[in-house]
Amino acid sequence: MLAIARKEFLHIIHDPRSLMIIFAMPIIQLAMFGYALDMEIKNVDLAVINYDNSIQSQHLVEQFEGSEFFNIFAYNGSTDDMEQLFLERKAKAVLIINHDFAQSFHRNISTPVQIIIDAADPNAGTLIKNYCSQVIIAFNQKYASRPTLPLEVESTIWFNPDLKSAFFFVPGLLALLLIMICALLTSITITREKEMGTMEQILVSPVKANEIIIGKVLPYIGISILVGALILVIGIILFGVPFNGSYTLLFLLSTLYIITALSLGLMISTIASTQQVAMMIALIATLLPTMFLSGFIFPLSAMPKILQIISHIVPAKYYLMIVRGVLIKGNTFFQLMEPTLILVLMTFLLLIIALRRFKGNLES
Amino acid sequence: MNEAITVKTNQLTRRFGKFVAVDQVSIEVYQKEIFGFLGANGAGKTTMIRMLCGLLKPSDGNGTVAGLDIKTQSEIIKQNIGYMSQKFSLYEDLTISENIEFYGGVYGLSREKIEQKKDELFKQLRLNEYAKKYTRDLPLGIRQRLALGSALLHDPPIIFLDEPTSGVDPKARRGFWDLIYQTAESGKTVFVTTHYMDEAEYCHRISIMQQGKLIALDSPAHLREKYQKKSMQDVFISLVKTEVGGN
Amino acid sequence: MQQIYYIIRKEFKQIFRTREMIAIIFIAPLIQMLVLGFAITNEVKHVKLIISDRDDSFISREIIMGFQNTDRFDFLGYLNSNQGLKDAIQGWKAQMAIVIPTGFSHDLQRNLRPEIQLIVDGVDGNTAGVALGYAQGIISQFSQNYLNHPRKRINFKKVHWAQQEERMWYNVNLDTAQHMVPGIVVVLITIISMMLSAMNIVREKELGTLEQLMVTPIRKHQLLLGKLIPFLFLTFVELAIVMKVAQLIFSIRMEGSLFLLFGLAFLFLFTTLGLGIFVSTITQSQQQAMFVSWFIMVFMLLMSGLFIPIENMPLLLKKLTYLNPMRYIMYIMRDIFQKGSSIQYLAKDVLPMTFYGLVIFIFGVLKFQKRVN
């Protein structure tokens, strides 16, 4: 069994390209998303068309100027050709102050302030709308004759007060990486042996089928533990991801996930006849669902029902909950029982199917 | 021989990093000659052919094919040679007709010429029963001949055959060599590599390569005489022993 | 010239005889479009919400109704103890909690500015922020209604304030798909024109037929054109199909000129086809070709503004995106689809994209040799 493991290890070393890509990708993503994925926009270009030029209007403009959200500039054109600003991407929003702004402000209870927002990206659009309203609320608190807010709202963010995206991301990368190594690579390598016919040679040797599988899979487990630890360390040191829960718990449950992933890889290898096919199936069964249907980046709750249903059979979804739970929320085992049990169930099913098919393949 | 020299090399060498695949090989090949390259796998035969065909640049030395320099005029050389690779490179998912039409078109033959050649090949190789089949469904012997035919579509004066009989049964091999003889008789130079010792007997002259070096070059008859052996196989074995022993 | 024609003919025959190719070219993109189109959303809906209503008044119930009437929140129920709230959020049962303190309506009517507390699970930073925004929006809507109530107006007679009226242009329904689908289109055409073209060339390398072609007098440009033109054509076919599907399923509106779109996509293809050639020169097997082109593509995607808006990136990365042709086509696609933009505004993207594309293409062609290595 160890001999098989060693041979497998050598195979891996000799094909550095595939390996490099599997590692390099998550690491680059980690670097980029870790730094870049703060969905907060700053310095939104805001053009001002001020038909009034009264002191009040200037106060309003100053309020926007003072805000860190906006990068404000005056636009000398008229509202008829302001679309140019959007088409040339010079501004993401336009503030229009009517010529009777000051007048109306003194006379009427409420005076409209028009803001045209480029909502092609609806998220950005919504954020800009919210920023604007914050600025206007601040303006009102200063210059309106009485505070307009009859109440106050206090927001508390638990577990991640600075809303750092890395907290969200690092666990996801961990889940992605582990499943890519343990499912994708193992399925390819087992299929490769099948394809090249070397599988028979090993099978004829006195080694048992179980030992063959374990031997093949051992180096990948080693690599995934190493790389997983690396990602965690980088996340913690570089991005300040906390570790609020128990080390043992994370290690144990990660091992569970690794076994789930391996079972998946094994099962794929029993279905695929060639490496090409194994690769295709593995990608569809591991990469796509883990990236998009596990809650890694995109929240599941907003997706159509059918995708949500599919997400129930994506192992990464449960592992993500586990990792985020242990690292960020400091969950106990008790609180993570549900995802743990589901992973155990999945592993069980996958292993049974895989082993049965494997023995079946041998017979034929 | 009184024929013209069609292929000539002078100290031709090719290195891959530290490994020397072809080591200072000098040969002269004549028109209408069947010139064989014999040697074990990895001896350098395929590398030699690739250099002559313009598929690899030599590291050292020089050579000419049809009077053209292999280093600087390789593209023109390609117009004057035919090549049949070890894998009989035909497109498996095309039919015979389609393969012939394709290569004919690639070599710039007119449509009439292609049709004419196609008819010839079909007759010569009795391919009619396979007309609708994909190449991958043809028996190996037929594919082999088809590959040769495709290499000759544009009537090149020199053809290079790299292990043209690998994997083919002995009867088909002999039939194939009949074709090679016909080709040489018609005025072409045939350059063949093989690791089958008995095929060496069929060549006009044979060169033996080992570890990139040329260790013998002569007609089979002369070689057998020189080394006092009954067959090329024995000649080869004794030569290899000598080389190894001598080192 | 006729050589190119012969190669193109052969390529098409081979492509249509391979079942996998047909699946990859026609079926896979549809599936990808469907899954990605629906999955890639930053919208936040069905946020699990529990409320601690310690006031239990007419007013507090009015506020709560605001949260029940929207699909952005899934109201789970009431819970009064602080510890209970903490356990619920920590135990993954709820994502957000609202606490309305005792005496809230009383203080409100006395203008004492009582405080509502919002507690949100910060694990998913993005959702947390957006959910907070929604919650604040609902509460502020309540505030406005409260202030605009006729009885209240008397108290606020001398009040005036500025009221925001926003117009959302180009995407009135704030539909994420309108913004993402054009981007997905870019992904799909990149896969065909880069990954498949690379794999196709490498396949001949693997089989040995490429060597056979290299021995013929065919010129390098004829060989490459013959190999690439079919994929160029197929890319446009796929583009047309995918756009039709996008229109039917996601109701994507195309505001701009189809002609312009196709024309500019063509210029983008210099980049992808060039990369396809390049990848074929550095890989030996189809699997490697697939991995390497996948890697390159993901890298380009991350820097293209598809998932992360370029405006959000730190300065260094932002500057780097200027070197990425995909950044430009992303803007171009989205602007044509959503804004109906025309060439005069897009020129500043078209020029660098074409320039870099040509550079990449020429580089790829130069690297490709009619030799074996």
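Anyway, here's the lowdown on the structure attached to this text. (Residues numbered from 1 in each chain as written. Chains lettered and ligands numbered in written order. Predicted model: local features only at pLDDT ≥ 70, side-chain atom pairs only at ≥ 80, totals over all residues. Heavy atoms only, no water.)

## Structural notes on the packing of aromatic side chains
Residues and elements named next belong to chain C. Inclusion rule: Ring geometry is summarised as follows: Phe, Tyr and Trp rings, the Trp one being its six-membered ring, pair when their centres sit within 6.5 Å, and such pairs are stacked at plane angles under 30 degrees, edge-to-face over 60 and tilted between the two. Runs of E in the DSSP output that reach at least two residues are strands. Runs of H or I that reach at least four are helices, and both are numbered from the N terminus. Exposure categories follow from relative accessible area, calculated using a 1.4 Å probe and restricted to protein chains: below 20% of the type maximum is buried, above 50% is exposed, and the middle band is partly exposed.
Across all of its chains, the model carries 35 aromatic pairs over all chains by this definition. Consider the rings of Phe142 and Tyr146, whose centres lie 6.0 Å apart with planes at 25 degrees: the pair is stacked. Highlighted residues: Phe142 and Tyr146, both in helix H6 (residues 125-148), separated by 4 residues, approximately one helical turn. With a relative accessible area of 6%, Phe142 lands in the buried category.

## Here we look at the pattern of salt bridges
Stated precisely, the cut-off is as follows: Within this document, salt bridges are pairs made up of a side-chain nitrogen of Lys or Arg and a carboxyl oxygen of Asp or Glu, the two lying within 4 Å of each other.
Tallied over the full model, the rule gives 33 salt bridges over all chains. Note that Lys370 of chain C and Glu75 of chain B form a salt bridge whose closest N and O atoms lie 3.0 Å from each other. Here Lys370 of chain C is found in the segment after helix H15 (343-367), whereas its partner Glu75 of chain B is found in helix H2 (residues 74-77) on a different chain. Two residues, Asp198 of chain B and Arg173 of chain B, come together in a salt bridge whose shortest N-O distance is 3.6 Å. Residue Asp198 of chain B is found in helix H7 (residues 197-200), and its partner Arg173 of chain B is found in helix H6 (residues 170-185); the two are separated by 25 residues along the sequence. A residue is classified by how much of its surface remains accessible, and Asp198 of chain B, at 41% relative accessible area, is partly exposed. Through salt bridges with shared partners, a single network forms among Arg89 and Asp118 of chain A together with Asp335, Lys339 and Asp349 of chain C.

## A word on the nonpolar core
Here is the rule we go by: Grouping buried Ala, Val, Leu, Ile, Met, Phe, Trp, Tyr and Cys residues that are joined through side-chain atoms within 4.5 Å yields what is termed a nonpolar core. What makes two residues a contact is simply this: any of their non-hydrogen atoms within 4.5 Å.
Among the nonpolar cores identified, the biggest contains 236 residues, and Val65, Phe160 and Phe191 of chain B together with Met33 of chain C are the most heavily contacted of them. Ranked by residue count, the leading element in this core is helix H7 (residues 165-196) of chain A, at 19 residues. If near-sequence neighbours (up to four positions away) are discounted, Val65 of chain B is found in contact with Thr6, Val7, Leu52, Ile70, Ile77, Ile81, Ile158 and Phe160 of chain B.

## Section: the sheet that holds strand E3 (residues 96-100) of chain C
So the rule is basically this: Strand pairing is assigned whenever DSSP detects at least two bridges linking the two strands. Only the stretch in contact is used when a helix axis is fitted, and all axes are lines through C-alpha atoms; the angle between N-to-C directions ranges over 0 to 180 degrees.
Sheet architecture is open: 5 strands sit in the order E5(A)-E4(C)-E3(C)-E1(C)-E2(C), paired in mixed fashion. Strand pairing shows two members of the sheet lacking a second neighbour, strand E5 (152-158) of chain A together with strand E2 (73-78) of chain C, which therefore form its edges. This sheet shows a mean twist of 25 degrees between the axes of neighbouring strands, independent of strand direction. Two elements, E5 of chain A and strand E4 (residues 115-121) of chain C, share 7 bridges in a ladder whose sense is parallel. Each bridged residue has a counterpart across the sheet, and for Ser155 of chain A the counterpart in E4 of chain C is Leu118 of chain C. This element, helix H3 (residues 58-68) of chain C, spans strand E1 (47-53), E2, E3 and E4 of chain C of the sheet and lies at about 175 degrees to E1 of chain C. Where helix H4 (residues 82-90) of chain C meets the sheet, it contacts E5 of chain A together with E1, E3 and E4 of chain C, and its direction lies at approximately 165 degrees from that of E3 of chain C.

## So, the sheet that holds strand E5 (residues 68-69) of chain B
All names here are of chain B. The strand order across the open sheet formed by 4 strands is E2-E1-E4-E5, and the pairing between neighbours is antiparallel. Across the chains shown, the open sheet's two edge strands, defined by having one partner strand only, are strand E2 (19-30) and E5. Contacts from helix H1 (residues 45-53) reach strand E1 (5-16), E2 and strand E4 (60-65), with the element oriented near 120 degrees to E1.

## A word on the interface of chain C and chain A
As a reminder of what qualifies: In protein, a polar contact requires one atom able to donate a hydrogen and another able to accept it; more generally it is a pair of N or O atoms within 3.5 Å, and residues adjacent in sequence count only if both atoms are side-chain atoms. Throughout this entry, Asp, Glu, Lys and Arg are counted as charged residues, while Ala, Val, Leu, Ile, Met, Phe, Trp, Tyr, Cys and Pro are counted as nonpolar. The remaining residues, Gly among them, count as polar.
The interface is formed by 94 residues belonging to chain C together with 97 residues belonging to chain A. Connecting chain C to chain A are 6 salt bridges. Our count for the contact surface shared by chain C and chain A stands at 40 residue pairs in polar contact (both at pLDDT 80 or more). For the side of chain C that touches chain A, the element with the highest residue contribution is H6 of chain C, accounting for 13 residues. Split into classes, the residues belonging to the side of chain C that touches chain A amount to 48 nonpolar, 28 polar and 18 charged. Here strand E4 (residues 110-118) of chain A pairs with strand E5 (residues 161-169) of chain C via 9 bridges, running parallel. Residue pairing for E5 of chain C: Thr111 of chain A is matched across the bridge by Ala162 of chain C.

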